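Structural overview
Listed below, chain by chain, are the residues.
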Amino acid sequence: MITVMPYSIIISVMIAILLIAGAPKTPSLHIFSGVIPFLWTIKLLVSCFIIFFITRIMSSRIITTRLPDLFEWSCLVLIFIDLYVFNIKAFLSEAHFFATFPGLVEMALILIYVMYILLVQIMFCYALASAGIMAKRDIRQDLATKVKFILPAVIPYLFVSLFAEVFELLDFTVFNHFKDVVPQGVSFILTLFILVLIIPFFIRKIWGCIPLEQGVLRNSIKMLLAKSGVSFRDVLVWPLAGSRACTAAVVGLFPGFRYLMLTRCLMDILAPAEIEAVVAHEVAHVKRMHLWWQFALLAGYALLVYSLAEPAMQWLFSHKIVIKVLLNMEDIPFDLTSFVLIMPFILFFILYFRFFMGYFIRNFEREADMAVFELHGHPYNLISAFEKIAFLSGNIRNEPNWHHFSIGQRIEFLRLCYVRPEERKFFTSSFFNKKIAALGCISLLIAAAHVFPVNEWSKEQSQHTIDNTVSVILEEGGDNPVWYLLAGQLLSEKGFFEQAASAYQKAYKLAPESPDVLNDYAWFLVTTQKNEFRDYELGLQFAKQAVEKKQAPHILDTLAEAYFANGLFEQAIQAEQRAIALNPENPEHYRKQILKFEAATAKKESDSITSISEQAG
């Protein structure tokens, strides 16, 4: 690719998806849900003002080329506030429509993020227009271009999410069996492969690409492609940002889905020999299998996360200092604990794509540049094309980014390779070795997760985490009932029922009116394995009080279990049905509970009939 492609948009959208996936789903106790729309509106207006004000100030110094990128990344701050301060994910989940279709909540949130990006672009353009730097008639065109860049990054995610939601609602047996049998990492790769196949179709439609008209230029390009032995479905005109963008690209892994795209600007300003050099660059991406390498690196990321995420997280959160940080965050009036839990995934994603994949993408471009030597024997046609593109794009000659060397750096390297041909051979061989080494390292790490007893190590770390958590709570619990609830749960799971009972009692003394304390204590009283700590009547009393204070599926489930423990099976079924009516996250658990209660009811009736028959006999 000759100039910048929307890699940054793709990365920011992926980070937004991770933030959304890790956001809390329970309502905030610190913000009344009724004021969330008001606070959200105020935040939006203040953000718009800040963007407009900063742009006006900076526009006088013409430093605005970096501002759109900075503002675009600031949209992650806006969605972060929505998710972890306003708890908007929980707020939307309570709406009737999203309660009926819970899988659409995350889709709605990613659309809100897209709205932020577009709003930032609008305010930026209007600020430039008010400063007389940009014509108002160009605002709509710039906005349309931004939309065209965003949609290919967002539509695949929306498509897959909608597909999964439909199949979940229809409860297709084959789909559910597929989810149970196929590992999550493998299913991600299969999904990624399908998306790679269909993305060229979306790109062509969304970007409004049309076939290059018949003529000398098309015939020249077709002859060059035929000579290279690389097949394309078509050569397209890429109407990117009207006539102001000078770039070219190749999309699609397979010939029937592969397109060569060139903008009008590129074709208008470059001489025929320069266009040939640009086309040779794009063809080299295919011949050198750069798109396949990128797919392999993406698949490697998915398999690394699937194979190593759990043991790595277990190791990280087994340290006392991390546990103390997480527990202390419970006192912060925002749900930042969820953010801390998702943060390692975000950091790994950024490091992997920004530095690891970024290194290879930059050098894929450098490797493709060298195709001009095979075509013309010298680099000067490509160099002159670069110089023209750099000038018309706003003097970007010396502006590198994480996925491209600067045009100046690429020109200097081409000149070096022309003067010293051995540099080309050295670069090609060393870069190939680095690609193999990277793929080998990824494969070894993935294999290690399956060869070595990683699951056993993970269990050991998990046990270590539990021990350290209980230790920290007992040492520094203070007057926080949430800490003692957690200690009670962990101690109960380990079989230390006496200590668990003491922890629940401590939590109850600290917060006797808390529905969460009442609920957790009630669950312990009616489900504990030790007879001396069971108290079915007290458990039912606490469960009823918890439901009076807070209507939630898990609390109604506790009430149902308490009814069941006391032999009140009909009431247990009714309570569980009320829980299901609130659209819980795991409806299957609640349905299994009802089946258990119904089986107990049937057995009770059967025993009653048998007893009456025996008495009659």
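Along each chain, the written sequence defines residue order, and numbers are assigned to residues from 1. For a predicted model such as this one, the threshold for reporting local features is a pLDDT of at least 70, and the threshold for listing and counting side-chain atom pairs is 80 or more; totals across whole chains, interfaces and linings nevertheless cover every residue. Side-chain figures throughout are based on the complete set of non-hydrogen atoms in the structure, without hydrogens or water.

1. Details of the overall build of the protein
Numbering of helices and strands starts at the N terminus; helices are DSSP runs of H or I of at least 4 residues and strands are runs of E of at least 2. The number of helices and strands found in the protein is 27 helices and 4 strands. Residues classed as buried in the protein amount to 47% of the 617 residues present. Here the protein displays about 31,000 Å² of accessible surface, and carbon together with sulfur accounts for 64% of that area. Only protein chains enter the accessibility calculation, which uses a 1.4 Å probe. A residue is then buried if its area is under 20% of the maximum for its type, exposed if over 50%, and partly exposed in between. The Shrake-Rupley method, run with a 1.4 Å probe, gives the accessible areas here. Residue values count only the displayed protein chains as cover.

2. Side note on the state of the cysteines
Cysteine sulfur atoms are paired as a disulfide whenever they fall within 2.5 Å. According to the stated counting rule, one finds 1 disulfide in the structure shown. Linked covalently through their sulfurs, Cys246 and Cys265 form a disulfide whose S-S length is 1.8 Å. You can see Cys246 sitting in the loop between β2 (234-237) and β3 (248-251) and its partner Cys265 sitting in helix α11 (residues 264-269), a full 19 residues away along the chain. In terms of burial, Cys246 and Cys265 fall into one category: buried.

3. Re the sheet that holds β3
Spatial ordering of the open sheet is given by β1-β2-β4-β3, a layout of 4 strands whose pairing is mixed. Each having just a single partner strand, β1 (210-211) and β3 make up the two edges of the open sheet. As defined by bridge partners, β1 adjoins β2 across 2 bridges and the pair is classed as antiparallel. The residue bridging Pro211 from the neighbouring strand is Leu236, located in β2. Following DSSP output, two strands are said to pair if at least two bridges run between them.

4. Here we look at helix α10 (residues 216-228)
An ideal rise of 1.5 Å per residue puts 18 Å on 13 residues; α10 measures up with 18 Å between its terminal C-alpha atoms. Taken as a whole, α10 has its buried residues at Arg218, Ile221, Leu224 and Leu225. Buried residues along α10 cover an arc of 130° about the axis, so they all sit on one side. In this structure, α10 carries Val216, Met223, Ala226 and Lys227 as exposed residues pointing more than 90 degrees from its buried face. What a helix is expected to span follows from its residue count: subtract one and scale by 1.5 Å. Working note: the arc is built from the helix axis to C-beta atom directions.

5. Looking at the pairing of β3
Of the two faces of β3, the one carrying Ala248 and Val250 and the one carrying Ala249 and Val251 are both buried. Pairing of β3 with strand β4 (residues 259-262) involves 4 bridges; the strand directions are antiparallel. Bridging across to β4, Ala248 finds its partner in Leu262.

6. Overview of the side chain of Lys43
Within the secondary structure, Lys43 sits in helix α2 (residues 36-59). Overall, Lys43 belongs to the buried group, its relative accessible area being 9%.

7. Quick word on the packing of helix α17 (residues 380-392) against helix α18 (residues 407-419)
Here, axes are lines fitted to C-alpha atoms. For helices the fit covers the stretch in contact, and angles between N-to-C directions go from 0 to 180 degrees. Relative to each other, α17 and α18 sit at 165°, their axes nearing to 10 Å. Classed by the angle they form, the pair α17 and α18 counts as roughly antiparallel. Here the hand of the crossing between α17 and α18 comes out left-handed. Only Ile407, Arg410, Ile411, Leu414, Arg415 and Tyr418 of α18 make contact with α17, whose side of the interface consists of Tyr380, Leu382, Ile383, Phe386, Glu387, Ile389 and Ala390. Roughly parallel means an angle under 35 degrees; roughly antiparallel means over 145; roughly perpendicular covers 65 to 115; every other angle is labelled oblique. Crossing handedness follows the turn of the near helix against the far one: under a right angle anticlockwise gives a left-handed crossing, and clockwise gives a right-handed one. For this analysis, residues touch if any pair of their heavy atoms sits within 4.5 Å.

8. Observations regarding unusual backbone geometry
Within the chain, Asn87 stands out as a residue other than glycine whose phi angle is a positive 50°. Here Asn87 is to be found in the loop between α3 (67-84) and α4 (88-93). Looking at Asn87, the relative accessible area reads 4%, which means it is buried. The backbone of Met289 sits at a positive phi, close to 60°, despite the residue not being glycine. Looking at the secondary structure, you find Met289 in the loop between α12 (272-287) and α13 (290-316). The class for Met289 is partly exposed, based on a relative accessible area of 44%.

9. Quick notes on the packing of aromatic side chains
Stacked, tilted and edge-to-face are the three classes assigned to paired rings of Phe, Tyr and Trp, where Trp is represented by its six-membered ring and a pair needs centres within 6.5 Å; plane angles under 30 degrees give stacked, over 60 edge-to-face, the rest tilted. Going through the model one piece at a time under the given rule, you end up with 33 aromatic pairs. Taking 5.6 Å as the distance between ring centres and 65° as the angle between the ring planes, the aromatic pair formed by Tyr352 and Phe353 counts as edge-to-face. The exposure class assigned to Tyr352 is buried, which follows from its relative accessible area of 5%. With a relative accessible area of 10%, Phe353 lands in the buried category. A centroid spacing of 6.1 Å and a plane angle of 55° characterise the contact between Tyr508 and Tyr521, whose relative ring orientation is tilted. Note that Tyr508 is positioned in helix α22 (residues 497-510) and Tyr521 in helix α23 (residues 515-527), a separation of 13 residues in sequence. Look at Tyr508 and you get partly exposed, because its relative accessible area is 27%. Connected via pairs of aromatic rings, a cluster forms that spans Tyr301, Phe348, Phe349, Tyr352, Phe353, Phe356, Tyr359, Phe360, Phe364, Phe413, Phe427 and Phe431. Charge-over-ring placement is defined geometrically: NZ (Lys) or CZ (Arg) within 6 Å of the ring centre, and within 35 degrees of the ring normal. Directly above the ring of Phe355 sits Arg354, whose terminal nitrogen or CZ lies 4.8 Å from the centroid.

10. Topic: a nonpolar patch on the surface
Where nonpolar side chains cluster on the molecular surface, the patch consists of Val35, Phe38, Leu39, Ile42, Leu45, Val46, Phe49, Ile50, Phe53, Ile54 and Ile57 and spans about 980 Å² of accessible area. Residue placement: Ile50 occurs in helix α2. With relative accessibility at 42%, the residue Ile50 sits in the partly exposed group. Two distance rules govern patches: like charges are joined within 9 Å, and nonpolar side chains (Val, Leu, Ile, Met, Phe, Trp, Tyr) within 5 Å, applied only to residues with over 30% relative accessible area and no salt bridge. Every case where a carboxyl oxygen of Asp or Glu lies within 4 Å of a side-chain nitrogen of Lys or Arg is listed as a salt bridge.

11. Describing the nonpolar core
Leu83, Ile110, Tyr113, Met261, Leu262 and Val279 are the most contacted members of the largest nonpolar core, which has 122 residues in total. Among the elements that make up this core, the one with the highest residue count is helix α6 (residues 104-130) (18 residues). Sequence-distant contacts of Val279, that is, excluding residues within four places in its chain, are made with Ile221, Leu224, Leu225, Leu260 and Leu262. Counting residues in each nonpolar core, the second largest holds 44 residues, with Leu485, Ala503, Ala511 and Val517 among its members. Here, nonpolar core refers to any group of buried Ala, Val, Leu, Ile, Met, Phe, Trp, Tyr and Cys residues whose side-chain atoms link them within 4.5 Å.

12. Quick word on the pattern of salt bridges
Applying the stated criterion across every chain, the model contains 17 salt bridges. For Glu423, the salt bridge goes to Arg420, with nearest N and O atoms at 3.2 Å. Residue Glu423 is classed as buried on the basis of its relative accessible area, which comes to 17%. On the basis of relative accessible area, Arg420 is assigned to the partly exposed category, the value being 39%.

13. A look at the environment of Ala248
Position of Ala248 among the secondary structure elements: in strand β3. In this structure the C-alpha to C-alpha distance between Ala248 and Ile275, which are 27 residues apart in sequence, comes to 9.9 Å.

14. What to know about the packing of α12 against helix α15 (residues 337-369)
It is at 8 Å that the axes of α12 and α15 come closest, and there the two elements cross at 120°. In terms of orientation, α12 lies oblique with respect to α15. Once α12 is placed against α15, the crossing between them reads as right-handed. Of the residues in α15, those touching α12 at His281, Ala284 and His285 are Phe364, Glu365, Ala368 and Asp369. Each residue belonging to the contact of α12 with α15 can be placed in one class, and the counts come to 3 nonpolar, 2 polar and 2 charged. Polar here means any residue outside two lists: the nonpolar Ala, Val, Leu, Ile, Met, Phe, Trp, Tyr, Cys and Pro, and the charged Asp, Glu, Lys and Arg; Gly therefore counts as polar.

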